[in-house]
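Next come the chains, spelled out residue by residue.
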Amino acid sequence: MTDQIFETPAYKRSRWAYILECTFEYFIALMVADAFLATLLTELGLDDAVIGVISSLISLAFLFQLFSIFVVQHIRNIKLVAIPIHCISQMFFLALYLLPFFNIPQQFRVVIVVGCLLIAYFGNYLVTSVIFNWGNSYVNPNGRANFAATKEIVSLLSGVVVSLSMGWAIDRFIEAGNIEGGFLFIAVIMLIITVFDFICLMLMKNQKTEKKMKEKTEPFLQVVRTLFSNKSFLSTIVVHAIWSISVYMTVGFMGTYKTKDLLLSVGMVQIINIVACLLRACFSKPIARYADKRSYAQGIKLGMILAAIGYLINIFTTPSLWWLVILHTVLYHVSCAGTSQNLINLTYSYVDRRYFVQASAIKFSISGLCGFAASMLGSCILDAVQKNGNTLFGITVYGQQILSAVSLAIVLSGIVFVKFVMEKQKIIAK
């Protein structure tokens, strides 16, 4: 494929449509995470430990990508398969904010919340690798990290407006004693965003393939054997798992820590997130150029170093030193400029393009399972510390401080692994 094809109108339109689609998908993600989700689940009567685990369900949901291994080889029309599944999943996220309007017995609330989230994530991750591969097929491989940075910047900067606006609106509803009105407001906004998401996917150039009479679908076990015989691919699983464990050990429990222990309002939390997102946007392009020039692995290592500093700072974050959470949040968000897209693009470096979707599904599923296990362990640690009156060996300490120490140790092991294993591997393609 020549570089000229990437400058055709259809390819340019598809790239921008994909960028905007990712942006709208990001808006939905913002509304089912952190303080927004914590506020909803608290209103539904769930305790902190349960909220932390539910907030981390996204890590377990990555297992659903395994189903895409069976689906991808049978897809002949991307739009016909991916778009309906993706949009239906967004509607289940929306449904979460309608639950307060139903008289649901307390014992069933956790089941229904988890059910909505699992269905939403199932649909989302069933086609996420397919849509990613589809969107990136219109991107010049020599500038893949730079394109990812552009995509992130558009999402982050527009996400700033959405976070600030939604955070301010929810605070006003809470002050007026009409929190249910706030949830309805969020649901309506999510519906509008889902419509725009659908339009963007429809604007992308479709990909259709015709099944040949003699064509044989490669068996699932054969695909797995091919991938797992690739030692370089196995290392991508390890580094992704390490990152997931470090993140889900702590991040899923920070929403309630900010609002309950540090006594920050939802609006204040969003302002902090906005500052962090703006700084991440500032560093996205430089880190992307660094990754394109050197390697995706080195981009990941840089991100992990920043995350390690952030976890170290969070160990000392207390109500009297609440402002340290600002530094932690900023460093975590900026670190994602190095890890987020590079962990995905890393697959291109060590796996044949034919197996990209399958390799991504396996990698995300294993790392997601590890992340969920970490969140379960984190929940036990947090619950034990809170039941002990937030003390450890007679010293006042919060569970999130201990979790940050564990995450620090884990992410340091990831830096060592990238340095002494991944950076020495041969890259087969961009």
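For the structure itself, look to the data block above.
Just so we're clear, the structure is a prediction, and the values are computed from it rather than from any experiment.

J.: Hey, could you go over the overall build of the protein chain for me, with residue numbers and the actual values?
T.: Of regular secondary structure, the protein chain possesses 17 helices and two strands. Projected onto its principal axes, the C-alpha positions of the protein chain cover 65 × 50 × 40 Å. Sorting the 430 residues of the protein chain into buried and exposed places 55% on the buried side. If you take every contact in the protein chain between residues at least 6 apart in sequence, the share linking residues at least 24 apart comes to 87%. By element, 70% of the accessible surface of the protein chain is carried by carbon and sulfur atoms, the whole surface being about 18,400 Å². Here the protein chain contributes 33 positive and 21 negative side-chain charges, whose respective centroids are spaced 13 Å apart.

J.: Could you give an account of the environment of Thr42, with specific residues and numbers?
T.: By secondary structure assignment, the location of Thr42 is in helix α2 (residues 34–43). With 158 residues separating them along the chain, Thr42 and Cys200 place their C-alpha atoms 34 Å apart.

J.: Give me the packing of aromatic side chains: which residues, what numbers.
T.: Following the criterion strictly, the structure yields 13 aromatic pairs and no others. One aromatic cluster is present, built from ring pairs that chain together Phe6, Tyr11 and Tyr138. Lying over the aromatic face of Phe364, Lys363 brings its terminal NZ or CZ to 4.9 Å of the ring centre.

J.: Quick rundown of the nonpolar core? Include the residues and the values.
T.: With 48 residues, the main nonpolar core has Leu41, Phe93, Leu96, Tyr97, Val113, Ile186 and Met190 as its most contacted residues. The biggest single contributor to this core is helix α9 (residues 179–203), with seven residues. For Phe93, the contacting residues outside a window of four places in its chain are Ile28, Val32, Leu117, Ala120, Tyr121 and Met190.

Rules of the game
- Residues numbered from 1 in each chain as written.
- Predicted model: local features only at pLDDT ≥ 70, side-chain atom pairs only at ≥ 80, totals over all residues.
- Heavy atoms only, no water.
- Helix = DSSP H or I, 4+ residues; strand = E, 2+ residues; numbered from the N terminus.
- Buried < 20%, exposed > 50% of the residue type's maximum accessible area, 1.4 Å probe, protein only.
- Contact = heavy atoms within 4.5 Å.
- Areas by Shrake-Rupley, 256 points an atom, 1.4 Å probe, with all protein chains shown as cover.
- Lys, Arg positive; Asp, Glu negative; His and termini not counted.
- Charge placed at Lys NZ, Arg CZ, Asp CG, Glu CD.
- Phe/Tyr/Trp six-rings, centres within 6.5 Å; stacked < 30°, edge-to-face > 60°.
- Lys NZ or Arg CZ within 6 Å of the ring centre and 35° of its normal.
- Core = buried A, V, L, I, M, F, W, Y, C linked by side-chain atoms within 4.5 Å.

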